[in-house]
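# Structure at a glance
The chain contents come next:
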Amino acid sequence: MIEVKEFANRREKLYESLDDNSILILYAGVSKKRSADECYPFIVNRNFFYLTNIKQEGSILLVAKQDGIIKEYLFISEYDELKEKRTGKRLRPEEAKELSGIENIMYLNAFESELDLIICKKDSAFAKISTIYFDLEPENLIDGFKTVEETKDVLLMNYPWLEAKDIYNKIISLRMVKSKDEVAEIKEAINKTSIGLKNILKKIRPGLYEYQLSSLFYYTIQDYDNSELSFPTICASGVNATCLHYPTPVAKVKDGDLVLFDLGSQNNVYCADISRTYPANGKFNDLQKKIYNIVLGCNKLIIDSVKPGITLKELNDIATKFMAQRCVEEGLMSNESEIRKYYFHSIGHHLGLDTHDPSNRELPLVPGNVITDEPGLYFRELGIGVRIEDDILVTEDGSYNLSGSIIKEIDDIEKAMGSR
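Values in this document were obtained by computation on a predicted structure and should not be read as measured data. (Residues numbered from 1 in each chain as written. Predicted model: local features only at pLDDT ≥ 70, side-chain atom pairs only at ≥ 80, totals over all residues. Heavy atoms only, no water.)

Here the focus is the side chain of Gln266. Its place among the elements puts Gln266 in strand β11 (residues 266-267). Note on Gln266: relative accessible area 16%, which makes it buried. Here the side chain of Gln266 touches Leu229 through a polar contact of 3.2 Å, landing on its backbone oxygen. Those residues within four positions of Gln266 in sequence are excluded, and the remaining contacts are Arg46, Ala189, Lys192, Ser227, Glu228, Leu229, Ser230 and Cys271. (Helix = DSSP H or I, 4+ residues; strand = E, 2+ residues; numbered from the N terminus. Buried < 20%, exposed > 50% of the residue type's maximum accessible area, 1.4 Å probe, protein only. Polar contact = N/O pair within 3.5 Å; in protein donor to acceptor, adjacent residues only side chain to side chain. Contact = heavy atoms within 4.5 Å.)

Ordered by their spatial adjacency, three strands build an open sheet running β14-β17-β18, and the pairing between neighbours is antiparallel. Where the open sheet ends on each side, the last strands, each with one partner, are β14 (370-373) and β18 (399-401). Between one strand axis and the next, the sheet turns through 35° on average, direction left out of account. One ladder, built from four bridges, connects β14 with strand β17 (residues 390-394); its direction is antiparallel. Looking across to β17, one finds that Val370 is bridged to Leu393. (Pairing = 2+ DSSP bridges. Axes fitted to C-alpha atoms, helices over the stretch in contact; angles between N-to-C directions.)

Two numbers describe how helix α8 (residues 180-203) lies on helix α9 (residues 210-225): the axes approach to 9 Å, and their chain directions differ by 130°. By the angle class used here, α8 and α9 are oblique. The interaxial crossing formed by α8 with α9 has right-handed handedness. Where α8 abuts α9, its residues Glu188, Asn191, Lys192, Thr193, Ile195, Gly196, Leu197, Asn199, Ile200 and Lys203 lie against Leu213, Leu216, Phe217, Thr220, Ile221, Tyr224 and Asp225. The residue makeup of the contact of α8 with α9, split by class, is eight nonpolar, five polar and four charged. (Parallel < 35°, antiparallel > 145°, perpendicular 65-115°, else oblique. Left-handed = near helix turned anticlockwise from the far one by under 90°. Nonpolar A, V, L, I, M, F, W, Y, C, P; charged D, E, K, R; others polar.)

What follows deals with the confidence of the model for the protein chain. Confidence along the protein chain averages 95 in pLDDT terms, with 98% of residues attaining 70 or more. For the protein chain, per-element mean pLDDT is lowest for helix α3 (residues 81-87), which scores 80, and highest for β17, which scores 99. (pLDDT = per-residue confidence, 0-100.)

For the rest of this paragraph, the subject is the packing of aromatic side chains. Scanning all chains against the criterion turns up eight aromatic pairs. An angle of 85° between the planes, with centres 5.2 Å apart, marks the rings of Phe75 and Phe111 as edge-to-face. A residue pair is termed long-range when its members are at least 10 positions apart, and Phe75 in strand β5 (residues 69-76) and Phe111 in helix α5 (residues 111-120) qualify at 36 residues. You can call Phe75 buried: its relative accessible area is 0%. For Phe111, a relative accessible area of 8% gives the class buried. Across from the ring centre of Phe7, 4.7 Å away, lies the NZ or CZ of Arg10, which sits over that ring. In this structure, Lys128 packs its charged tip against the face of Trp161, placed 4.2 Å from the ring centre. (Phe/Tyr/Trp six-rings, centres within 6.5 Å; stacked < 30°, edge-to-face > 60°. Lys NZ or Arg CZ within 6 Å of the ring centre and 35° of its normal.)

This brings us to unusual backbone geometry. The backbone of Asn21 shows a phi angle near 60°, a positive value even though the residue is not glycine. The topology assignment puts Asn21 in the loop between α1 (4-16) and β1 (22-27). The backbone phi angle of Ala36 is positive, close to 50°, even though this residue is not glycine. Exposure remark for Ala36: the relative accessible area of 62% places this residue in the exposed category.

The next subject is the pairing of strand β15 (residues 376-379). Burial along β15 is two-sided: Gly376 and Tyr378 facing one way and Leu377 and Phe379 facing the other are all buried. Pairing geometry for β15 and strand β16 (residues 384-387), over four bridges, is antiparallel. Within the sheet, the bridge partner assigned to Gly376 lies in β16 and is Arg387. Between β15 and the antiparallel strand that follows it, β16, lie four residues; Gly383 among them carries a positive phi value of about 70°.

You can see Lys187 is positioned in helix α8. Of the residues examined, Lys187 reaches a relative accessible area of 32% and is grouped as partly exposed. Put simply, Lys187 and Leu402 are 215 residues apart on the chain and 6.2 Å apart in space, counted from C-alpha to C-alpha. Discounting residues that sit within four places of it in the chain, Lys187 has contacts with Tyr400 and Leu402.

One side chain can pair with another of opposite charge once the charged atoms of both are near each other. Across all of its chains, the model carries 23 salt bridges by this definition. With a shortest N-O distance of 2.7 Å, Asp357 and Arg175 are connected by a salt bridge. Taken together, the positions of Asp357 in the loop between α12 (339-342) and β14 and Arg175 in helix α7 (residues 168-175) put the pair 182 residues apart, joining distant regions of the chain. Arg175 carries the same exposure label as Asp357, and that label is buried. (Salt bridge = Lys/Arg side-chain N within 4 Å of Asp/Glu carboxyl O.)

See below:
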């Protein structure tokens, strides 16, 4: 569990980058409408959570930086007996203070007046506010109707002397480098994912439906500690595995199929993202082994290649070249230029509070980055798709495979599956 002090330290680092005589407004967000009076499940704005440790819908962080002095306020929903009967308990001020480390906890109905007071103080000894920061990530809703962008426009109409700036990239630059406690959260998410995959290895067999296997993963991690998924589980058998984000797991698994899983559990919002490919009947055939071993070799090569200073693009170039050469050597392609037909995504992405954690992909990797390593080959005409994905921590002198305990060698997989 990440200590409250770390959230306070994150805010302090961010505040150092703010212009003097500015304010920052960050919104937790609200549920998006699905239909009629039904909404999608609420997912907190990750940038808001990263700074506050608060997951509650509708909450707002307001920060004023005037003459170098910081004042921060957290606004939460006030107690409503009827709402709590319908949708569950809400944070009390003392609970919000304990979670966030923010001293000034106020109710949402005081937000606009407090904001106006800070912006329009005329008798204050402080200089006048001149800049206002928002997280302008698109589609970031702050109530049932307005986005942050729309709210920004309204505020600028009311306070036309203010200059609006986007804080998004400053927060993302902090999020890209994980602390030891963040890595521990990701490691625990991977541990839960491993438990789910072990159960799949025990139960998978021809005749099951893809949705039964994806559901098996979900209820295994739910049984473990009520964990949530990092993202909707991909379970794709046979030719379906050649679709990168196969969305409809309804096919029956056939004898002789490879089944590709792309899945992950969360731990305290931090995500795991793992891919493994298993033979439904417990044994790889010769062609499947050939393709699988190329992908596995690439996966291992990338782990060895990860180090501070290298970029994701350079890693992808290494992966592309390796798989192109090996596919030609094994007679799967006639020319290396054909590789993008069978490997049509990138080698990986940053990982953290989001599965595809926001990042500047052009920047060289630095210690503390956590990335995925996910080479794949997809031969639709052969009905074979293979992807092997691990979660990699960039260290001072190279890398560490956080998911190294999840088996991926052919012999280990076949041994774990036994006879079907």
